[in-house]
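Reading the structure
Single-letter residue listing:
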Amino acid sequence: MAKQGAKTDRAKVNSGQDYEISHVAQKMGVSTQQVVGAKRATGSNDRKVIEQYIADKGKKK
């Protein structure tokens, strides 16, 4: 088992880490609830998938 923080996967969003959710929310200009919702809607924790979902939702408005 790897030590905590020894190696992280930057392509993933860990919902257990508030700062990761906040970072994506701030980067995309949305709320943290929208990031969590996007994660649930896509069924993915891949950062690119979540960001694409949020971007696509923004275009439909």
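Anything mentioned here points back to the structure above.
Keep in mind it's a predicted model, so treat the numbers as computed, not measured.

Considering the pattern of salt bridges
- On inspection of all chains with the given rule, the structure shows three salt bridges.
- Residue Glu51 pairs with Lys27 through a salt bridge whose shortest N-O separation is 3.2 Å. Here Glu51, found in helix 3 (residues 47–59), pairs with Lys27, found in helix 1 (residues 18–28); they are 24 residues apart in sequence, far enough to count as distant.
- Assessed through its relative accessible area of 53%, Lys27 is described here as exposed.
- A salt bridge links Asp56 to Lys59; the shortest N-O distance between them is 3.9 Å. Of this pair, Asp56 and Lys59 both sit in helix 3, three residues apart, which is roughly one turn of the helix.
- You can call Lys59 exposed: its relative accessible area is 65%.

Quick look at the nonpolar core
- Ranked by size, the top nonpolar core spans eight residues in total: Val13, Ile21, Val24, Ala25, Val35, Ala38, Ile50 and Ile54.
- Only helix 1, helix 2 (32–42) and helix 3 provide two or more residues apiece to this core.
- If one sorts the elements of this core by residue count, helix 1 sits on top with three residues.
- Those residues within four positions of Ala38 in sequence are excluded, and the remaining contacts are Ile50, Tyr53 and Ile54.

The rules behind each value
- Residues numbered from 1 in each chain as written.
- Predicted model: local features only at pLDDT ≥ 70, side-chain atom pairs only at ≥ 80, totals over all residues.
- Heavy atoms only, no water.
- Salt bridge = Lys/Arg side-chain N within 4 Å of Asp/Glu carboxyl O.
- Helix = DSSP H or I, 4+ residues; strand = E, 2+ residues; numbered from the N terminus.
- Buried < 20%, exposed > 50% of the residue type's maximum accessible area, 1.4 Å probe, protein only.
- Core = buried A, V, L, I, M, F, W, Y, C linked by side-chain atoms within 4.5 Å.
- Contact = heavy atoms within 4.5 Å.

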